[in-house]
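# Examination of the molecular architecture
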Amino acid sequence: MAALALAAPAHGSPGHEPTVGRDPAWVRTAVLAAVVGFIGLFLLAPLAMVFVAALSKGVAPFINALAQPDALSAIGLTLLVAVIAVPLNAVFGVCAAWAVAKHSFPGKAFLITLIDLPFSVSPVVAGLIFVLVFGLQGWFGPWLSDHDVKIIFAAPGIILATLFVTFPFVARELIPLMQAQGVDEEEAAATLGAGGLQTFWRVTTPNIRWGLLYGVLLSNARAMGEFGAVSVVSGHIRGVTDTMPLHVEILYNEYDFVGAFSVAALLCLLAVVTLALKALLEALEPQFLDFGATRHGL
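Definitions and limits used
Residues numbered from 1 in each chain as written. Predicted model: local features only at pLDDT ≥ 70, side-chain atom pairs only at ≥ 80, totals over all residues. Heavy atoms only, no water. Helix = DSSP H or I, 4+ residues; strand = E, 2+ residues; numbered from the N terminus. Contact = heavy atoms within 4.5 Å. Axes fitted to C-alpha atoms, helices over the stretch in contact; angles between N-to-C directions. Parallel < 35°, antiparallel > 145°, perpendicular 65-115°, else oblique. Left-handed = near helix turned anticlockwise from the far one by under 90°. Expected span 1.5 Å × (residues − 1). Bend = angle between axes of the 7 residues up to and from the residue. Salt bridge = Lys/Arg side-chain N within 4 Å of Asp/Glu carboxyl O. Buried < 20%, exposed > 50% of the residue type's maximum accessible area, 1.4 Å probe, protein only. Core = buried A, V, L, I, M, F, W, Y, C linked by side-chain atoms within 4.5 Å.

### Regarding the environment of valine 263
- Counting through the fold element by element, valine 263 comes out in helix 14 (residues 257-295).
- For the pair valine 263 and alanine 74, spaced 189 residues apart in sequence, the C-alpha to C-alpha distance is 9.3 Å.
- Discounting residues that sit within four places of it in the chain, valine 263 has contacts with Leu66, Ala71, Met244, His247, Val248 and Leu251.

Here it is as structure tokens:
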């Protein structure tokens, strides 16, 4: 028995080959086929049909649909909202992540709950909240009306609604990253005489740049594609407060299928570009991390 025990390789030794998780080839093939089939049926096929419908009558109607004044207004407003909302969310996300990950204070758990609130609140409810606050019959409505300030049924309301539904993305990307990194490097920098702002730019920012970019991309994708909250606060004023998703709905309800799918195709292209940038960041991140480690002699 002792000889057999010595002859048998110990668990975890180089001679031991674990069998757990080594499924037969047909099982792996079936699972892979199911995953690929699901992706093709429910993701790639609908996406392809958008472009097929947009180009069903040729390239000229596709371009003409995008060149319409209302379409150009919707495209411009969508990009404007994203340009304003995403940087603001990036600043808020960094500040919130810094506060949560680097400091201890009363109400920290409650702050994290508030950050996650837009994930659990319906976008339509979020839009109604802003109507109740800034609408004509809302809390600040009479004062805003007296001073000729328009928020609801105008671009500011759309920006506020977009900020609400997108602000968790950057913070939720950075909080676990900063928590995993700890505060050792910041404390070392402070010991060496670095100020708070200098520590942030020289120590913290290089460590979180990829998480920040990833969160910004997710926030941008949601900002351009948001429908529910924006639909409530926009008022659907054609050529004025319609974003691209709202304009697609209007054209589709008017049976202008080529126009609707043309704008939808452009929105899909913007989403594909966002996903391509995300994939590029994921591919480049290890190279940049290795480059940074080499520079610091690690």
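### Here we look at the packing of helix 6 (residues 123-134) against helix 8 (residues 155-166)
- It is at 10 Å that the axes of helix 6 and helix 8 come closest, and there the two elements cross at 135°. In terms of orientation, helix 6 and helix 8 fall into the oblique class. In terms of crossing hand, the pair formed by helix 6 and helix 8 is right-handed. Of helix 8, the residues touching helix 6 (which contributes Pro123, Ala126, Phe130 and Phe134) are Leu160, Ala161, Phe164 and Val165.

### Re helix 2 (residues 25-54)
- Relative to the 44 Å expected for 30 residues at 1.5 Å per residue, helix 2 spans 41 Å between its end C-alpha atoms, a close match to the ideal helical length.
- Most pronounced at glycine 40, the bend in helix 2 amounts to some 40°.

### A look at the pattern of salt bridges
- Going through the model one piece at a time under the given rule, you end up with four salt bridges.
- Between glutamate 226 and arginine 222 there is a salt bridge, with its nearest N and O atoms 2.8 Å apart.
- A salt bridge links arginine 238 to glutamate 254; its shortest N-O distance comes to 2.5 Å. With arginine 238 in the loop between helix 12 (228-234) and helix 13 (244-253) and glutamate 254 in the loop between helix 13 and helix 14, the pair connects residues that are 16 residues apart, well separated along the chain.
- What makes arginine 238 partly exposed here is its relative accessible area of 35%.
- Look at glutamate 254 and you get partly exposed, because its relative accessible area is 43%.
- What emerges from the salt-bridge pattern is a single network uniting Asp70, Arg238 and Glu254.

### As for the environment of isoleucine 158
- Take isoleucine 158: it is sitting in helix 8.
- C-alpha of isoleucine 158 to C-alpha of threonine 78: the two residues are 80 residues apart in sequence and 9.5 Å apart in space.
- Every residue in contact with isoleucine 158, bar those within four places of it in the chain, is listed here: Leu77, Val81, Val230, Val233, Ser234, Thr241 and Thr243.

### Brief notes about unusual backbone geometry
- Of note, the phi angle at aspartate 148 is positive, near 55°, even though the residue is not glycine.
- With respect to the helices and strands, aspartate 148 occurs in the loop between helix 7 (141-146) and helix 8.

### Quick notes on the nonpolar core
- Formed by 19 residues in total, the largest nonpolar core has its most connected members in Val81, Phe130, Ile152, Ile158, Ala161, Phe164 and Val233.
- Of all the secondary structure elements, the ones that give two or more residues to this core are helix 4 (69-102), helix 6, helix 8 and helix 12.
- In terms of residue count, the dominant contributor to this core is helix 8 (six residues).
- Alanine 161 has contacts with Phe130, Ala229, Val230 and Val233, leaving out every residue within four places of it along the chain.
- One finds Ala54, Leu66, Val248 and Val263 within the second-largest nonpolar core, a separate group that totals 16 residues.

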